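Overview (structure and organization)
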Amino acid sequence: MSDCPICGRPSGHNGELCQYHQLAIDNLHEGEETWRSALGIDWDSYLDHLYALDELGLWVREVIEYIRSGNSP
Amino acid sequence: MRSVPANKRRDRLSRVLIISEKPTAARRIAEALDEHSTPDEIKSGRVSYYECEKDGDTLLVAYALGHLFELKQTEKGWKYPRLSTEWVPKYEVDKKAAETKPIISLIKRISKDVDQFVVATDYDIEGSLIGYLTLKYACRADPSQAARMVFSTLTGNELRHAYVSRASTLDFPMIEAGHARHEVDWLYGINLTRALTLAIKEASGWFKIVSTGRVQGPTLALVAERDRDINVFVPKPFWTILATTTQADKDLLLEYSKKRIETKKEADEIVRDLQGATAIVDSITRKKSLQKPPVPFNLSGLQSESYRHFGFRPSRTLAIAQKLYLEALISYPRTGSQKIPPSIDTEAILSGLKEQRKYKTLVNRVIEGGNLVPVQGKMDDPAHPAIHPTGAKPERRLTPSESKVYDLIVKRFLALFGETAARESVRADIKAGTHLLYLRGLKILKRGWMDLYDPYVSHKEVLLPPIAESDEMFLVSVTSEMRYTSPRPRFNPSSLLKLLEKENLGTKSTRASIVDSLRSRGYTLGDRFELSTLGYALFETLQQHIPEILSAEFTRQLEREMESIQAGETDREGLLSHVRTELTQLLERFKEQEETIGAFLVSGLQRYWRAKEEIGPCPKCGEGTLFIIRSPKTGKRFVGCSRYKDGECDQSFPLPQRGEITPLDKQCPHCGHAMIRVSSRRRPWETCINWTECPGRQEDLKTLQDKRGMAESSTKEGGTDE
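A brief report on the enclosed structure follows. No experiment lies behind these values; they were computed from the predicted model shown.

On to the overall build of chain B, then. Helix and strand counts for chain B stand at 21 helices and 24 strands. Counting only C-alpha atoms and orienting by the principal axes, one finds that chain B spans roughly 95 × 80 × 65 Å. In chain B, the proportion of contacts linking residues at least 24 apart, taken out of those at least 6 apart, comes to 69%. Total accessible area computed for chain B in this model is approximately 35600 Å², and 48% of it derives from carbon and sulfur atoms. Here chain B contributes 110 positively and 98 negatively charged side chains, and the mean placements of these two sets differ by 3 Å.

See the structure below:
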């Protein structure tokens, strides 16, 4: 079993991320549709908006940083 | 009170030994029962007991220090499973309990030639068990022959009444329940903690205590689940509409009928429609409501209110309340009751309180109101009434914290006699085309009990100017505001305690310490109950390998079984035998996976320690990482770069030397350096690692230097202490 590239915890059953960062990315994808219909923005603007918010969960923030550094989980 | 040496003790034919729970309680009992209120304090080294006379009898009043005896395994070795226990003096299992040794010796010595034993410990599970164990193991007496004093306050009258009307037998079902609770908690706590700790030791050679227990497990699960939800939270946008109108030269804020607008397009359309429009008052609804006085305090009610108003942790409130109880200022605080039974002389309490200048006016108001029957709550506790003042005047000046809690208890007691308060809420429905807006107001019609509970009640009135149906309102400004959904808040000590009570986890006496233990064990960070990486590692380990110990239902079932022992429906041995069987199976399963569990916990510990020491990237070399380092030479701590060892970077920052330091995930708004939190006994404070140079921190630094300067000059002036 490999380690999560973000936090070093063991990866989950479904991929390379651990169960927590996998849950974070699932929520990130789920929220995209709400933001798209609310503001009519694309994926990158969505991430920019989210990243600026204090309410954003820490693991979602880490996932965004991971994506922005060129990775695609 | 006179102090006389032990060898000059009087000798009488009829001797009664009364066992109390604490030294202060023993003194109060002796003072209350002595015919002249001047009992002798018989000293024996550092400890003592009291001797008094009553109706020709000689009463000896001895004290315990809470538990004098604790459970100990009968087999040797720091291993698991360990399923067999015995009661031994506390100093044998706890090095910090050395002060119990002379007390046990003293009780043993004075127990000879005693005609009757009376237990006068707190009337609850723990108190009853303390009395029983002291009788059995220190006095070597037959508990079935002992009598029991029952009281809820340490006032003279109540203590005298409790002695005269003492029960001829101990409360054995309560003792059995206490016995069972201790053994069950010992079996789970000791064995699981050892299993986890030894798994780490096997995997890494480190000895780091990682604990869990019957109630700590489900509590950890509650915190972990909340923390996980917060960490994976994705906020969603919504818009609110803010409209303002002016009536009688007063700006009024109107509330749009739909609280959340989901798209920007819709919000913009509403703003466009309403901008500059004239709205019409369509209807006005007035609703009068009555608000009864709050119910009497039980322990959790007091802890919650004390946290809300003073920010006191539940354990601190309990400690303060316990002190006030021992000084006979309030009734026994470990109660679940919200009732003041008719047997309590409320008139006497009120007249006692009237003697305190601070409460004189309020008491007069209660008496003038004519209602001397207090409001009652729903929850009951057969052992003790709700927390209430005794009416006694403090014999010393209370500390500021004690004064606050005492004032809260007195004012809550007074409020129970207050009149029902009345308020009127007004909602005007205002229409602008197809849009509906609301204007809301709130007026207190009658304050009633609120005046007695001031300043612990707040109702902000919103008074509206005169408006009538069909009035026109010009919308001066209409804007939309983009907002975001928020996750549920993290627990605070009070909200976690409330949830434990709701989930029926732990007891009123143990919950506060369980809440504290999560932090002291390193499972949570700060008062906001943010789970640490160690907390997550433990949670995940338990979730995967011993899920039962995280289950609230599993613990609740055990609670129910222990309650049925107290009710006399189940026997202790039956429950313990069942627990031992379950635990053995669980530990066998654990042992099989010890290696995997150990490795997992070790990696969690490594991440935890790293997170506690890692500050972030080095601003000087850009490649290294800043860590908190302790100098082996001076023992002082500072921040240094990880590349220092290779001679590549010499970046360092000084750190405050006192308090616990927690790296924060944010930058200083003044200089951009990493921020840290410093937590000591005082309120935690935040600063940046560049605090000695940062332009934004110079004010803090100056204050610190001024304080140091004042301290130094006062030491010099004070002169010769050193």
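Read on, since the account is not over.
What follows deals with the overall build of chain A. When helices and strands are counted, chain A shows three helices and zero strands. Beginning at the N terminus, the succession of helices and strands in chain A can be written as α-α-α. Projecting the C-alpha coordinates of chain A onto the three principal axes gives extents of approximately 40 × 20 × 20 Å. Sorting the 73 residues of chain A into buried and exposed places 38% on the buried side. Residue pairs in contact within chain A that sit at least 24 positions apart in sequence constitute 28% of those at least 6 positions apart.

As a further point, take the pattern of salt bridges. All names here are of chain B. Applying the stated rule across the entire model yields 47 salt bridges over all chains. The partner of Arg 488 in a salt bridge is Asp 229, and the shortest N-O contact between them spans 3.7 Å. Here the residue Arg 488 occupies a position in the loop between strand 15 (472-484) and helix 15 (493-502), and Asp 229 occupies one in helix 7 (residues 216-231), the gap between them amounting to 259 residues. The network of salt bridges with common partners includes Glu 176, Glu 183, Arg 572 and Arg 580.

Before going further, it helps to spend a moment on the nonpolar core. Judged by nonpolar contacts, the single largest core of 181 residues is most densely connected at Ile18(B), Met149(B) and Leu414(B). No other element matches helix 6 (residues 172-204) of chain B, which puts 14 residues into this core. The contacts of Met149(B), once residues within four sequence positions are left out, are Ile18(B), Ile29(B), Val118(B), Val119(B), Ala120(B), Thr121(B), Leu159(B), Ala162(B), Tyr163(B) and Arg166(B). Judged by nonpolar contacts, the second largest core, of 24 residues, contains Ala38(A), Val271(B), Ile467(B) and Leu475(B).

Quick look at the environment of Pro617(B) now. All names here are of chain B. Along the chain, Pro 617 turns up in strand 18 (residues 614-617). According to the relative accessible area criterion, Pro 617 is exposed, its value standing at 67%. Spatially, the C-alpha atoms of Pro 617 and Phe 627 are 9.2 Å apart, while their sequence positions differ by 10 residues. Residues contacting Pro 617, with those up to four places away along its chain left out, are Gly 624, Thr 625 and Leu 626.

Another point: helix 4 (residues 125-138) of chain B. Residue and element names in this part refer to chain B. Helix length check: helix 4, at 14 residues, gives a terminal C-alpha distance of 19 Å against a target of 20 Å (1.5 Å per residue), a fit within 8%. Counting buried residues in helix 4 gives 11 out of 14 residues, a clear majority hidden from the surface. Those residues of helix 4 that sit buried are Ile 125, Gly 127, Ser 128, Leu 129, Ile 130, Gly 131, Tyr 132, Leu 133, Thr 134, Leu 135 and Ala 138. Trailing helix 4 by a residue or two, Arg 140 shows a phi angle of about 55 degrees, which is positive.

Take the sheet that holds strand 22 (residues 660-667) of chain B next. Residues and elements named next belong to chain B. The strand order across the open sheet built from three strands is 22-23-24, with neighbouring strands paired in antiparallel fashion. Pairing within the sheet leaves two strands with one partner each, and these edge strands are strand 22 and strand 24 (685-688). Here the strands of the sheet are splayed against their neighbours by 30 degrees on average, with no regard to which way each runs.

Turning our attention to the sheet that holds strand 13 (residues 421-432) of chain B. Adjacent strands of a sheet form backbone hydrogen bonds with each other and so pair up, either parallel or antiparallel. In space, the six strands of this closed barrel follow the order 10-11-14-13-12-15 (chain B), with antiparallel pairing throughout. The average angle at which neighbouring strand axes cross in this sheet is 35 degrees, direction not considered. As paired strands, strand 12 (residues 278-291) of chain B and strand 13 of chain B are joined by 11 bridges and run antiparallel to one another. Within strand 13 of chain B, the residue paired with Gln291(B) across the bridge is Ala421(B). Across the sheet, helix 1 (residues 19-39) of chain A lies against strand 10 (237-247) and strand 15 of chain B, angled at about 40 degrees from strand 10 of chain B, the strand it touches most.

What follows concerns the packing of helix 6 of chain B against helix 18 (residues 552-566) of chain B. Residues and elements named next belong to chain B. It is at 7 Å that the axes of helix 6 and helix 18 come closest, and there the two elements cross at 150 degrees. The pairing of helix 6 with helix 18 is recorded here as roughly antiparallel in orientation. For helix 6 against helix 18, the interelement crossing comes out right-handed. Each of Pro 173, Met 174, Glu 176, Ala 177, Ala 180, Arg 181, Val 184 and Tyr 188 in helix 6 lies in contact with helix 18, whose residues at this interface are Phe 554, Leu 558, Glu 559, Met 562, Ile 565 and Gln 566. Split into classes, the residues belonging to the contact of helix 6 with helix 18 amount to 10 nonpolar, one polar and three charged.

All names here are of chain B. When you line up the elements, Ser 48 lands in strand 4 (residues 47-54). On the basis of relative accessible area, Ser 48 is assigned to the buried category, the value being 6%. A distance of 2.8 Å separates polar atoms of two side chains, one belonging to Ser 48 and the other to Glu 41. Sequence-distant contacts of Ser 48, defined by excluding residues within four places in its chain, comprise Glu 41, Ile 42, Lys 43, Tyr 63 and Leu 106.

This next bit is on unusual backbone geometry. All names here are of chain B. Going from Tyr 80 to Pro 81, the amide bond is cis rather than trans, its omega being 0 degrees. Along the chain, Pro 81 turns up in the loop between strand 6 (69-73) and strand 7 (85-89). Even without a glycine there, the phi angle at Ala 328 is positive, about 60 degrees. Overall, the relative accessible area of 5% leaves Ala 328 in the buried class.

The next thing to look at is the interface of chain B and chain A. Residue-level contacts link 24 residues of chain B with 26 residues of chain A. Together, Asn231(B), Val232(B) and Val234(B) form the three largest contributors to the area buried by chain B at its contact with chain A, with a combined 26%. In this structure, the salt-bridge partner of Glu540(B) is Arg9(A), at a minimum N-O distance of 3.4 Å. Of all elements in the fold, only helix 7, strand 10, strand 15, helix 17 (533-545) and helix 20 (594-613) of chain B reach the threshold of two or more residues within the side of chain B that touches chain A. When grouped by side-chain class, the residues that make up the side of chain B that touches chain A number 13 nonpolar, four polar and seven charged.

In total, this model carries 19 aromatic pairs over all chains according to the counting rule given. Look at Trp35(A) and Tyr484(B): their rings are 5.9 Å apart centre to centre, the planes differ by 15 degrees, and that puts the pair in the stacked class. Of this pair, Trp35(A) sits in helix 1 while Tyr484(B) is found in strand 15, placing the two residues in two different chains. Trp35(A) sits in the buried class, given a relative accessible area of 0%. The structure contains a cluster of three or more aromatic residues connected by ring pairs, namely Phe310(B), Phe312(B), Trp449(B), Tyr453(B) and Tyr456(B). Cation over ring: Arg68(A) sits above Tyr51(A), and NZ or CZ is 4.7 Å from the ring centre. The ring of Phe297(B) carries Arg412(B) above its face, with NZ or CZ at 4.0 Å from the centroid.

This part covers the pairing of strand 2 (residues 15-20) of chain B. Residue and element names in this part refer to chain B. Of all six residues making up strand 2, six are buried, and the element is well covered by its neighbours. Along strand 2, one buried face is formed by Arg 15, Leu 17 and Ile 19 and the opposite face, lined by Val 16, Ile 18 and Ser 20, is buried too. By the bridge criterion, six bridges tie strand 2 to strand 5 (residues 57-63) in an arrangement that is parallel. The residue bridging Arg 15 from the neighbouring strand is Thr 58, located in strand 5. Pairing geometry for strand 2 and strand 8 (residues 116-120), over five bridges, is parallel.

Here is what the cut-offs are and how they apply
Every chain's residues receive numbers from 1 upward, in the order its sequence appears when written. Labels are handed out in written order, letters beginning with A for the chains and numbers beginning with 1 for the ligands. For this predicted model, a pLDDT threshold of at least 70 governs which residues receive local features, and a threshold of 80 or more governs which side-chain atom pairs are given and counted, while totals over whole chains, interfaces and linings are taken from all residues. In computing side-chain values, all of the structure's heavy atoms are included and hydrogens and water are not. Secondary structure is summarised from DSSP: a helix means a run of H or I of at least four residues, a strand means a run of E of at least two, and numbering begins at the N terminus for each. Here a residue-residue contact requires only that any non-hydrogen atoms of the pair lie within 4.5 Å. In this description, accessible areas are obtained by the Shrake-Rupley approach with a 1.4 Å probe, and a residue is regarded as covered only by the protein chains that are shown. Residues scored as positive are Lys and Arg, those scored as negative are Asp and Glu, and His as well as the terminal groups of each chain are ignored. Charged groups are reduced to one reference atom each: NZ for lysine, CZ for arginine, CG for aspartic acid, CD for glutamic acid. For each residue, the accessible area found with a 1.4 Å probe, counting protein chains only, is set against the maximum for its type, and the residue is called buried under 20%, exposed over 50%, and partly exposed in between. Salt bridge, as applied in this entry: a Lys or Arg side-chain nitrogen positioned within 4 Å of an Asp or Glu carboxyl oxygen. Grouping buried Ala, Val, Leu, Ile, Met, Phe, Trp, Tyr and Cys residues that are joined through side-chain atoms within 4.5 Å yields what is termed a nonpolar core. In this scheme, a helix's expected span is set at 1.5 Å multiplied by one less than its residue total. Strands were regarded as paired on the criterion that DSSP finds at least two bridges between them. Convention adopted: a line fitted to C-alpha atoms gives each axis, helices being fitted over their contacting stretch, and angles between N-to-C directions are expressed from 0 to 180 degrees. Under this scheme an angle from 65 to 115 degrees is roughly perpendicular, one under 35 degrees roughly parallel, and one over 145 degrees roughly antiparallel; angles in between are oblique. The crossing is said to be left-handed when, going from far helix to near helix, the turn is anticlockwise and less than a right angle, and right-handed when the turn is clockwise. For this scheme, ten residues count as nonpolar: Ala, Val, Leu, Ile, Met, Phe, Trp, Tyr, Cys and Pro. Four count as charged, namely Asp, Glu, Lys and Arg, and the remainder, Gly too, count as polar. Contacts described as polar in this section are N or O atom pairs within 3.5 Å, which, within protein, must combine one atom able to donate a hydrogen with one able to accept it, while residues neighboring in sequence count only if both atoms come from side chains. Summed over both partners, the accessible area (1.4 Å probe) lost when two parts come together is defined as the buried area. Here a Phe, Tyr or Trp ring, Trp counted by its six-membered ring, pairs with any other such ring whose centre lies within 6.5 Å, and the pair is stacked when the planes are under 30 degrees apart, edge-to-face when over 60, and tilted otherwise. Either the NZ atom of lysine or the CZ atom of arginine qualifies as a charge over a ring when it sits within 6 Å of the ring centre and within 35 degrees of the ring normal.

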